[in-house]
Amino acid sequence: MFTFIGCGSAFHTKLGNNGIMAKEGGKLFLIDCGSSTFHRLQSFYVLDGVETIHVAMTHTHPDHIGSLGDLIFYSYFKMEPAFQAKVTVLAPQALLPAIKAVLKGNGVDDTHVFWQEIKDAYMYEGCGGIELIPVQVQHAENLLCFGYEINAKGNHIYYSGDANAISADVLQKLKAGQYDVFYQDTCTADYPGNVHLSLRKLIELVPEENRSVVCCMHVDEEFDLAYAKKQGFQTATDYLIS
């Protein structure tokens, strides 16, 4: 049910910044809105007919929040009815203050946007219903980052956000077959202190019998898509907006 607006790493401009969307009627749901996302939404006419937008955030790196201000301002000034807030920014309770600080530094104020704090879970009623359960993940040092467990249209989904590890609890659920789709930040780069999970580590962590539900996303420029598929994984390029 989700389409990738972009599935590349921060510097993989060809594939765009990583993020997913669902659209139904006049309702649009996104996870993240990186530096290239607003341009891609416009290029593929995603915003046509949209009345309300909900954006769930994972963290404050530019490739995940970089054009959120553009989307908010565009929706406020250019989408009908003008001069009314149409974007709701969703974020875990601990992350929301940092999201607000970034956007307010860009000139966004409370007249332009709605804020929704997620505590234990949040149910978005649009697009057939999307339940979000925040999962704190390990990414960059001194930066608060989250992924999400998602329940949507009968599917149980894991979305890692940017993460250089898979927690023991989440990995156990994957091995037990509890996820229908498992979106995982995966890269070619493999060195101590890497803030993303290398494909080598993913292969070590995930048994062959569980790999068919794992979809590699946020891929870097050197990522070998064919090799990842040969190892039994999916790649987000197959679900990329076109």
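Structure first, text after, so check above.
Starting afresh in each chain, residues are numbered from 1 along the sequence in its written order. It should be noted that, the model being predicted, local features are given only for residues of pLDDT at least 70 and side-chain atom pairs only at 80 or more, the latter also being counted only at that level, while totals for whole chains, interfaces and linings use all residues. Only hydrogens and water are set aside; all other atoms, that is, all heavy atoms of the structure, feed into the side-chain values.

Chemist: With reference to specific residues and values, describe the overall build of the chain.
Modeler: In this description a helix means any DSSP run of H or I spanning at least four residues, a strand means any run of E spanning at least two, and both kinds are numbered starting from the N terminus. The secondary structure content of the chain amounts to 7 helices and 13 strands. Against the 2.2 N^0.38 benchmark of 18 Å for 242 residues, the chain shows a C-alpha radius of gyration of 17 Å, consistent with a compact globule. Projected onto its principal axes, the C-alpha positions of the chain cover 50 × 35 × 35 Å. Exposure classes here rest on a 1.4 Å probe applied to the protein chains alone. A residue is buried below 20% of its type maximum, exposed above 50%, and partly exposed in between. Here the chain holds 242 residues, and the buried ones make up 54% of them. Put simply, of all contacts in the chain between residues at least 6 apart along the chain, 59% involve residues at least 24 apart. Here the accessible surface of atoms and residues is derived via Shrake-Rupley with a 1.4 Å probe, and residues count as covered only by protein chains that are part of the display. For the chain, the exposed surface amounts to about 10,600 Å²; the carbon and sulfur share of it is 50%. Asp and Glu count as negative and Lys and Arg as positive, but His and the ends of the chain are not part of the count. Where a charge sits is defined by one atom per residue type, namely NZ (Lys), CZ (Arg), CG (Asp) or CD (Glu). Here the chain contributes 17 positive and 28 negative side-chain charges, whose respective centroids are spaced 2 Å apart. The globule rule is 2.2 Å times the number of residues to the power 0.38, and the radius of gyration it is compared with is taken over C-alpha atoms. Contacts are assigned to residue pairs with any non-hydrogen atoms lying within 4.5 Å of each other.

Chemist: Quick rundown of the side chain of Asn 194? Include the residues and the values.
Modeler: Structurally, Asn 194 can be placed in the loop between β11 (181–185) and α6 (199–205). Not counting residues up to four positions away in its chain, the partners in contact with Asn 194 are Asn 164, Cys 187 and Ala 189.

Chemist: Tell me what's going on with the nonpolar core, and back it up with residues and numbers.
Modeler: Put simply, a nonpolar core is a bunch of buried Ala, Val, Leu, Ile, Met, Phe, Trp, Tyr and Cys residues held in one set by side-chain atoms that sit within 4.5 Å of each other. Residues Phe 2, Phe 29, Ile 130, Leu 132, Ile 150, Phe 182 and Leu 202 are the most contacted members of the largest nonpolar core, which totals 47 residues. Examining the composition of this core, we find that 4 residues originate from one element, strand β12 (residues 214–217), more than from any other. Residues within four places of Leu 132 in sequence aside, it is in contact with Phe 29, Ala 56, Leu 90, Ile 118, Asp 120, Ala 121, Tyr 122, Tyr 148, Glu 149 and Ile 150. Val 46, Leu 47, Leu 68 and Val 108 belong to the second-largest nonpolar core, a separate cluster that totals 30 residues.

Chemist: Lay out the pairing of strand β9 (residues 146–152) in plain terms, naming residues and giving numbers.
Modeler: Burial of β9 is extensive: 6 of the 7 residues sit out of reach of the surface. Whether two strands pair depends on DSSP finding at least two bridges between them. Note that strand β8 (residues 130–136) and β9 share 7 bridges and pair antiparallel. Note that in β9 the partner of Glu 131 across the bridge is Asn 151. Relative to strand β10 (residues 155–159), β9 is paired through 5 bridges, and the arrangement is antiparallel. Each bridged residue has a counterpart across the sheet, and for Ile 150 the counterpart in β10 is Ile 157. Between the end of β9 and the start of β10, which pair antiparallel, lie 2 residues, with Lys 153 showing a positive phi angle near 50 degrees.

Chemist: How would you explain helix α4 (residues 96–105) if you had to name every residue and give the values?
Modeler: Within α4, the full set of buried residues consists of Leu 96, Ile 99 and Leu 103. Projected down its long axis, α4 shows its buried positions confined to an angular sector of 60 degrees, all on one face. In α4, the exposed residues that point more than 90 degrees away from the buried face are Pro 97, Ala 101 and Gly 105. Packed against the buried residues of α4 are α2 (62–65), α3 (68–77), β5 (87–92) and β6 (113–118). As used here, the arc is the angular range of directions from the helix axis to the C-beta atoms.

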